[in-house]
Amino acid sequence: MNELYVLPLVVRIERATPPERTDALEAAAMAVLTLLDDPGEWTAEVHAWQATGKIRKVVRRARGAEWRRAIALPGRTVEHRTAEVRVYPPVPLDDWPRDLARLQVGGTELADTGELPPAEPPILWANPALAMSAGKAMAQAGHAAQLAWWASDPAERAVWRANGLAVSVRTASAEDFDAKVAAGLPVVRDAGFTEIEPGSCTFVAEAPWLHGRVARS
């Protein structure tokens, strides 16, 4: 049996200047994509993680000295508008680096305080029926981006790469979300480890080239 790996993500949340929620979700998805697109020296770790068939991600938060210790560890930081998110090479589930393991998972209650810019595809649509902390939603947005990446061919990935691996995260209406789930688009179904029921559809990834790419629900 393959050892279970997890992809660590850390979001910077300073008390006085927390990021906007949507910025954090988009930054998390983009951070995941940078590692998938070019794993570099972490190719073996990324392969081991994906080989399990379980693309588990855990988001922790850091501020001040915690953040300074976190960015000293090998990884990549994505800065996206108000958000900073660092992604690390996958690690065994029970063998996190000490400076990451001590960080808190909870406490990621973020909000959007301003008007969101126009969405550009790929768009990662959140299920409006589910209440998720920002940390949980960041992990789910990362899953959606990963499924969209897997469903894209090399030419489509090249265009995406040229656009900086950008994504938009938005919340769908209930009717639209159900229609997207049934449209042959990449759908994230949660394993149910935290916050929500197993099998819940959390996100759908949509782009012009993704329609009909996966088996319809």
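The structure this text deals with has already been given above.
The model shown is predicted, which means the values in this text are computed figures rather than measured ones.

## A look at the environment of S200
Right, so step 1: One can find S200 in the loop between β8 (187-189) and β9 (201-206).
Right, so step 2: Residue classification places S200 among the buried positions, given a relative accessible area of 14%.
Right, so step 3: A sequence separation of 73 residues divides S200 from N127, and the C-alpha atoms of the two residues are 9.2 Å apart.
Right, so step 4: Among residues more than four places away in sequence, those in contact with S200 are L130, V188, R189 and D190.
Right, so step 5: Within the structure, the side chain of S200 is placed 2.6 Å from the backbone oxygen of E197, a separation counted as a polar contact.

## Some words on unusual backbone geometry
Right, so step 1: Across the junction of P121 and P122, the peptide omega takes the value 0°, indicating a cis bond.
Right, so step 2: By the secondary structure assignment, P122 is in the loop between α4 (98-101) and β6 (123-126).
Right, so step 3: A positive phi angle, close to 50°, is found at R81, a residue other than glycine.
Right, so step 4: Within the secondary structure, R81 is located in the loop between β3 (76-80) and β4 (83-87).
Right, so step 5: The phi torsion at L165 lies on the positive side, around 55°, for a residue other than glycine.
Right, so step 6: Tracing the chain through its elements places L165 in the loop between α6 (154-162) and β7 (168-171).

Reading the values: rules and limits
- Residues numbered from 1 in each chain as written.
- Predicted model: local features only at pLDDT ≥ 70, side-chain atom pairs only at ≥ 80, totals over all residues.
- Heavy atoms only, no water.
- Helix = DSSP H or I, 4+ residues; strand = E, 2+ residues; numbered from the N terminus.
- Buried < 20%, exposed > 50% of the residue type's maximum accessible area, 1.4 Å probe, protein only.
- Contact = heavy atoms within 4.5 Å.
- Polar contact = N/O pair within 3.5 Å; in protein donor to acceptor, adjacent residues only side chain to side chain.

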